[in-house]
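# Descriptive structure summary
Here are the chains, one letter per residue:
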Amino acid sequence: MNKNDYLDRIRGCLVGGAAGDALGYAVEFDKLRSIRKEYGKQGITEYNLDFLTGSAVVSDDTQMTLFTAEGIIAAKKCGVVKPADKKMYPYVHSAYLNWYETQGRKPGKMPVNDMPASELMDIPEMYKTRAPGLTCLSALGSPKKRDLYNPINDSKGCGTIMRMAPVGILYPEAAPEEIVEMGAEISAITHGHPLGCFPSGIFAEIIRQAIWNDEKKTLAEITGSAMDAARNLYGKSDLWEDLEALIDKAVSLAGNDGSDESNIKKLGEGWVAEEALAIALYCALRYENDFSACLIASVNHDGDSDSTGAVAGNILGALIGYDRIDEKWKKNLQFHKLLLHFADECAAWSVSE
Ligand SMILES: [Mg+2]
């Protein structure tokens, strides 16, 4: 692997996630039956372009993913470089407050006073509200201190997991447990339920291994290894067994010959973090060599299509890289250039000092 191969995977992760977000956003609140009625038997298989701008618009999932990257990079710029350094979380929280401001809200005091200027806030297009998660908004409007062990609320909505890919991108050499912990803590900035936080950490570690692991592991092996790390940390939680059973089910369903419709139904609808991860993993495992098929499966169901699409696109995009993503998902994608620029930034800031 050379530097360009890693960059290709980072680009694949960010652009792949945005592609799934954009494809799914058009049908986020639709049942499968209405998706088929509108788009035909196969469901939605191509972007539904915005009639004003001609672009495939992304939603809060991609916006917040970019702000997660900007928050971690801000911490690194201010000298907080070690993985799982608790001093990093207030920078990410500050970046989320910047996102909160783009959503027309007035943020309270920043948790850090040396937050570098936000590049994302200079982009007029970022100031669009695209069905932002209500839990994210209310948690960011609260001045309360919060972390994994002092929960801000009892939510495990998928708005906590869909923004987590940069955690895995930006710390290539961290230990798996460190990445799982970072993902869980960043998740806890807005969502306090353990089943919001644990899957977010697992997802971040899957992304790290998909991009930075040179051992040519399969996605099933990567998932197993991320689960091992999370079990070491959270295996004693009352909720761990339920989470592990759901992820095991996703892995096993991916190998059967049932339809995606019936398999995905068995995993839930993706409105909550553990189901979003399970559905995304199912799709990425089942279509490990076919990005388009993965993306299409990941959004055509009764549930939260943009977030399951975003997480699936992040995972498979990281595994196969940008060059292997079909052109049709790059053409007209909102923020395409910005995502490539952020991939470069992430690649530059992922190198340890
Ligand atoms: Mg969304």
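Right above here is the structure, for reference.
Read on for a plain summary of the structure.

What counts and how
Residues numbered from 1 in each chain as written. Predicted model: local features only at pLDDT ≥ 70, side-chain atom pairs only at ≥ 80, totals over all residues. Helix = DSSP H or I, 4+ residues; strand = E, 2+ residues; numbered from the N terminus. Rg over C-alpha atoms; globule rule 2.2 N^0.38 Å. Contact = placed C-beta atoms within 7 Å. Axes fitted to C-alpha atoms, helices over the stretch in contact; angles between N-to-C directions. Parallel < 35°, antiparallel > 145°, perpendicular 65-115°, else oblique. Left-handed = near helix turned anticlockwise from the far one by under 90°. Nonpolar A, V, L, I, M, F, W, Y, C, P; charged D, E, K, R; others polar. Buried ≥ 20, exposed ≤ 12 C-beta atoms within 10 Å, placed from the backbone. Core = buried A, V, L, I, M, F, W, Y, C linked by C-beta atoms within 7 Å. Expected span 1.5 Å × (residues − 1). Arc of directions from axis to C-beta.

So, on to the overall build of the chain. Helix and strand content of the chain: 15 helices and zero strands. Over its C-alpha trace the chain gives a radius of gyration of 18 Å, about what one expects of a compact globule, namely 20 Å for 353 residues. Across its three principal axes, the chain shows a C-alpha extent of roughly 55 × 50 × 45 Å. Counting only contacts in the chain whose residues sit at least 6 apart along the sequence, the fraction spanning at least 24 positions is 75%.

In the contact formed by helix 3 (residues 60–77) and helix 4 (residues 89–102), the axes pass within 8 Å of each other and the chain directions differ by 140°. When the axes of helix 3 and helix 4 are compared, the pair comes out oblique. Between helix 3 and helix 4 the crossing geometry is right-handed. Taking contact as the criterion, the partners of Gln63, Met64, Phe67, Thr68, Glu70, Gly71, Ile72, Ala74 and Ala75 in helix 3 are, on helix 4, Tyr91, Val92, Ser94, Ala95, Tyr96, Asn98 and Trp99. When the residues that make up the contact of helix 3 with helix 4 are grouped by side-chain class, the tally is 10 nonpolar, five polar and one charged.

Moving on, we come to unusual backbone geometry. In this model, Lys216 sits at a positive phi of 55°, which is unusual for a non-glycine residue. Mapped onto the elements, Lys216 comes out in the loop between helix 8 (194–212) and helix 9 (219–234). On the basis of neighbour counts, which here come to 7 C-beta atoms within 10 Å, the residue Lys216 falls in the exposed class. With a phi close to 70°, Asn332 is a non-glycine residue in the positive phi region. Position of Asn332 relative to the elements: it lies in the loop between helix 14 (305–320) and helix 15 (336–350).

As a further point, take the nonpolar core. Ile207, Ala284 and Ile315 are the most contacted members of the largest nonpolar core, which has 121 residues in total. Here Ile315 is in contact with Ile206, Ile207, Ala210, Ala280 and Ala284, once residues within four sequence places are set aside.

With that settled, the discussion passes to helix 4. Spanning 14 residues, helix 4 covers 20 Å between terminal C-alpha atoms, matching the ideal 20 Å at 1.5 Å per step. Judged by how many residues are buried, helix 4 sits mostly within the fold: 12 of 14 residues are covered. Turning to helix 4, its buried residues number three or more, namely Tyr89, Tyr91, Val92, His93, Ser94, Ala95, Tyr96, Leu97, Asn98, Trp99, Tyr100 and Thr102. Contacts made by the buried residues of helix 4 are with helix 3, helix 5 (134–140) and helix 7 (176–187). Positive phi shows up at Gly104, right after helix 4, with a value of about 85°.

Here we take up the environment of Ile264. Its location among the elements puts Ile264 in helix 11 (residues 260–265). Ile264 sits 18 residues away from Tyr282 along the chain, and the two C-alpha atoms are 7.8 Å apart. Setting aside its immediate chain neighbours within four residues, Ile264 contacts Ile279, Tyr282 and His301.

For the pair helix 1 (residues 3–25) and helix 15, the least separation of the axes is 9 Å and the interaxial angle reads 140°. Considering their axes alone, helix 1 and helix 15 lie oblique with respect to each other. Crossing hand, helix 1 versus helix 15: right-handed. Along its contact with helix 1, which presents Tyr6, Leu7, Ile10, Arg11, Leu14, Val15 and Ala18, the element helix 15 presents His336, Leu339, Leu340, Phe342, Ala343, Cys346 and Ala347.

On the secondary structure map, Gly157 appears in the loop between helix 5 and helix 6 (165–170). Distance in space between the C-alpha atoms of Gly157 and His191 is 7.4 Å, their sequence separation being 34 residues. In contact with Gly157, other than residues within four places in its own chain, are Gly133, Thr135, His191, Gly196, Trp271 and Val272.

Another aspect to go through is helix 10 (residues 240–253). The periodicity of an α-helix, 3.6 residues per turn, causes residues three or four places apart in sequence to face the same way. Taking 1.5 Å of rise per residue, the 14 residues of helix 10 would be expected to cover 20 Å, and the 20 Å separating its terminal C-alpha atoms lies within 8% of that figure. Listed as buried for helix 10 are Leu243, Leu246, Ile247, Ala250 and Leu253. Here the buried residues of helix 10 occupy an arc of 130° about the axis, which is enough to place them on one side. Pointing more than 90 degrees away from the buried face of helix 10 are the exposed residues Glu241, Ala245 and Ser252. Residues of helix 10 that are buried sit in contact with helix 8, helix 9, helix 11 and helix 12 (273–286).

Geometry only, nothing functional implied.
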